[in-house]
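# Fold and geometry: a report
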Protein chains: 2
Amino acid sequence: MSVVDDLRDLILRGRYAPGARLGEVELAETLGVSRTPVREALRRLQAEGLVEVVANRGARVAEHPAGDLETVFELRARIEGLAARQAAAVATAEDADRLHGIAVALREHAERHDLDAVYRLNADFHQGLVRLGGSAVLAQSLSALIHSPVLLRTYGSFDAEAMRRSADHHIEIAAAVRAGDPDWAEAVMRAHLFSARASLLGPRRRDDG
Amino acid sequence: MSVVDDLRDLILRGRYAPGARLGEVELAETLGVSRTPVREALRRLQAEGLVEVVANRGARVAEHPAGDLETVFELRARIEGLAARQAAAVATAEDADRLHGIAVALREHAERHDLDAVYRLNADFHQGLVRLGGSAVLAQSLSALIHSPVLLRTYGSFDAEAMRRSADHHIEIAAAVRAGDPDWAEAVMRAHLFSARASLLGPRRRDDG
DNA sequence: CGCTCATGGATTGCATACAAATCCTTGCTA
DNA sequence: TAGCAAGGATTTGTATGCAATCCATGAGCG
């Protein structure tokens, strides 16, 4: 695996907490390479928004302000909504069946609370859907949003009902794609993400009456 | 200016066409530095989606498929639509007045077909609006989309009417922000971007009747 | 006692040297 | 003459050394 992937994994798995200093020599020793590839990896992750580097002062794991998390889901709802729409417009029956297969597997693992498998299948599903849309810029825009340390722990804060709802959303999205119904696909995807946001952040403040 | 900014400028200004090879030694000589900072810049621009690098085979300027341009505007409409919405929700009167000032200047320069100034003011306006929204992830998501070689030539393909419309859109967005009306702001922003798309790509295919 | 400034240690930024991989040419063979 | 293989040339990947910058500690002065 490449240095940048190794380093991204380290950060995403929480080995380095947000705000933690990322010394070049320390990382080089940890990863068993010299400083040069480490530096290049840091620059890439900087562009991905995962680390912040100040000139002559080194790199730190980016700390996404709490308020940003709301925006992340707003953005994902809009961007992945578009992805779902485009996927529904162009997907073949085989494509939709493959998505459906992933969704079914995800639901089974969710019932057994096998979180690692759920993580993986969820990533497969969303990436597969984006790939169906076919546009590289769309995938590009999303990658920066999904590579966020907080999102990796998403399922940890789901209760049983939320988990079941999330799994069912995947099934429904696959159905909408199979039906070739862009409006339906986008709507479910948006519901899916707003539901996840609610589970993560709790109920939104409503206007006092 | 930093190496990555220099290199980005070179690409964006068309000095290296899409698909063109980006040799490390050549860039190093052109920019007057060694290969090391060039390599780091290439990795950053790779993450930004501006260049494609294949392992052991070097970097090329990314060629965005023609179809991607449609998606770029779809995405911008959704993302900047959110930015406009958030800006309208939080902006002070001073913020809105500053936007209005930029928009007025932009309209004046547009009437004189001073394209360079229009480029700059347009960038100022959109960046200023995003900054008002306040979210770093939002700005992050947009930067990759706006740093697209094609978009730099946008105004070149505008006719007089499209130019006037674009300028008026900015004025109207500033008004919506000043009115604190998120729905209005988002709607105008979407119109603004779809209008630009139409000028760039021509009329969309409509269903044959 | 507190503030300023200098000096030392540590860390990043850059350049250069070497290793590995790729490509391009050239010569051989069928 | 077309195809292939081998070797050199070019290019990328990595390591290391040096210069520049930054931060902290402490001495000197008000």
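Residues numbered from 1 in each chain as written. Chains lettered and ligands numbered in written order. Predicted model: local features only at pLDDT ≥ 70, side-chain atom pairs only at ≥ 80, totals over all residues. Heavy atoms only, no water.

### Points about unusual backbone geometry
Residues and elements named next belong to chain B. Of note in the backbone geometry, Asn56 takes a positive phi value of approximately 65 degrees without being a glycine. Tracing the sequence through the fold places Asn56 in the loop between β2 (51–54) and β3 (58–61). Given the relative accessible area of 84%, Asn56 is considered exposed. Of note in the backbone geometry, His113 takes a positive phi value of approximately 55 degrees without being a glycine. Relative to the assigned elements, His113 resides in the loop between α5 (93–111) and α6 (115–133). (Helix = DSSP H or I, 4+ residues; strand = E, 2+ residues; numbered from the N terminus. Buried < 20%, exposed > 50% of the residue type's maximum accessible area, 1.4 Å probe, protein only.)

### Topic: the relation of the copies chain A and chain B
Between the two copies, chain A and chain B, the superposition gives an RMSD of 0.1 Å; the rotation angle is 180 degrees and the shift along the axis is 0.0 Å. The relationship between the two copies is best expressed as a two-fold rotation axis. When the interface residues of chain A are mapped onto chain B, 100% of them again lie at the interface, so the same face is used by both copies. (Least-squares fit on C-alpha atoms with pLDDT ≥ 70 in both. Contact = heavy atoms within 4.5 Å.)

### A short note on the pattern of salt bridges
Across all of its chains, the model carries 33 salt bridges over all chains by this definition. A salt bridge links Glu186(A) to Arg85(A); the shortest N-O distance between them is 2.6 Å. Of this pair, Glu186(A) sits in helix α10 (residues 182–201) while Arg85(A) sits in helix α4 (residues 66–90); the two residues are 101 residues apart in sequence, bridging distant segments of the chain. Looking at Arg85(A), the relative accessible area reads 26%, which means it is partly exposed. Several salt bridges share partner residues, and in doing so they unite Glu24(A), Arg35(A), Arg39(A), Arg43(A) and Glu40(B) into one network. (Salt bridge = Lys/Arg side-chain N within 4 Å of Asp/Glu carboxyl O.)

### Concerning the sheet that holds strand β3 (residues 58–61) of chain A
Residues and elements named next belong to chain A. Across the sheet, three strands lie side by side as β1-β3-β2; this open sheet has antiparallel pairing. The sheet terminates laterally at β1 (21–22) and β2 (51–54), the two strands that pair on one side only. For β2 and β3, the ladder comprises four bridges, and the chain directions are antiparallel. Paired with Val53 across the bridge in β3 is Ala59. (Pairing = 2+ DSSP bridges.)

### Here's the deal with the domain arrangement of chain A
As a measure of interface size, the accessible area lost when the parts come together is often cited. Here chain A is described as being made up of domain 1 (3–61) and domain 2 (66–201). One C-alpha centre belongs to domain 1 of chain A, the other to domain 2 of chain A; they are set 28 Å apart. (Domains from an automatic or database assignment.)

### Some remarks on the sheet that holds β2(B)
All names here are of chain B. The strand order β1-β3-β2 describes an open sheet built from three strands, whose pairing is antiparallel. For this open sheet the edge positions go to β1 (21–22) and β2, each flanked by a neighbour on one side alone. Against the sheet, helix α3 (residues 35–48) touches β1, β2 and β3, its axis set at about 115 degrees to β2. (Axes fitted to C-alpha atoms, helices over the stretch in contact; angles between N-to-C directions.)

### So, the protein's contact with DNA strand D
Around DNA strand D, 16 residues are found, and the nearest of them are Ser34(A), Thr36(A), Arg57(A), Arg39(B) and Arg43(B). Backbone atoms, meaning sugar plus phosphate, form 68% of the atoms of DNA strand D positioned within 4 Å of the protein. Within the backbone of Ser34(A), one N or O atom sits 2.6 Å away from a phosphate oxygen of DNA strand D. Contact between DNA strand D and Thr36(A): a base nitrogen at 2.8 Å from a side-chain N or O atom of the residue. Of the residues assigned to the surface near DNA strand D, the class counts are three nonpolar, six polar and seven charged. (Near = heavy atom within 4 Å. Polar contact = N/O pair within 3.5 Å; in protein donor to acceptor, adjacent residues only side chain to side chain. Nonpolar A, V, L, I, M, F, W, Y, C, P; charged D, E, K, R; others polar.)

### Here we look at the environment of Ala89(A)
With respect to the helices, strands and loops of the structure, Ala89(A) is situated in helix α4. C-alpha separation for the pair Ala89(A) and Asp183(A), spaced 94 residues apart in sequence, amounts to 9.7 Å.

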